[in-house]
Amino acid sequence: MKGKEAGLQKAIRLEAQEGLQLDLKGVASDNDSAMFAADGKLTKDGRRTIAKALSA
């Protein structure tokens, strides 16, 4: 417990912020579309996939 408390105090002192990282994994099939277009923007299917993952 003592080490965890020191880590928490250090995070407070450094004003560390909590972050969020999404790891989207799925099974690819022939009829699946890409999540991102060539220009790096989300496709319609990509937006749908992310919305479904966030609502779960």
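Now for a look at the structure at hand. Just so you know, these numbers come straight off a predicted model, no measurement behind them. (Residues numbered from 1 in each chain as written. Predicted model: local features only at pLDDT ≥ 70, side-chain atom pairs only at ≥ 80, totals over all residues. Heavy atoms only, no water.)

### A few points about the overall build of the protein chain
Then comes step 1: The helix and strand inventory of the protein chain stands at two helices and zero strands.
Then comes step 2: Expressed as a percentage of its 56 residues, the buried residues of the protein chain come to 4%.
Then comes step 3: Of the roughly 5700 Å² of accessible surface on the protein chain, a fraction of 54% belongs to carbon and sulfur atoms. (Helix = DSSP H or I, 4+ residues; strand = E, 2+ residues; numbered from the N terminus. Buried < 20%, exposed > 50% of the residue type's maximum accessible area, 1.4 Å probe, protein only. Areas by Shrake-Rupley, 256 points an atom, 1.4 Å probe, with all protein chains shown as cover.)

### Some thoughts on the pattern of salt bridges
Then comes step 1: The final tally for this structure, using the stated rule, is one salt bridge.
Then comes step 2: Between Asp 45 and Arg 48 there is a salt bridge, with the nearest N and O atoms lying 2.5 Å from each other. Residue Asp 45 and its partner Arg 48 are located together in helix H2 (residues 44-55), separated by three residues, close to a single helical turn.
Then comes step 3: The class for Arg 48 is partly exposed, based on a relative accessible area of 48%. (Salt bridge = Lys/Arg side-chain N within 4 Å of Asp/Glu carboxyl O.)

### Observations regarding unusual backbone geometry
Then comes step 1: The phi dihedral of Glu 15 falls on the positive side, at around 55 degrees, and the residue is not glycine.
Then comes step 2: Tracing the backbone shows Glu 15 in the loop between helix H1 (2-13) and H2.

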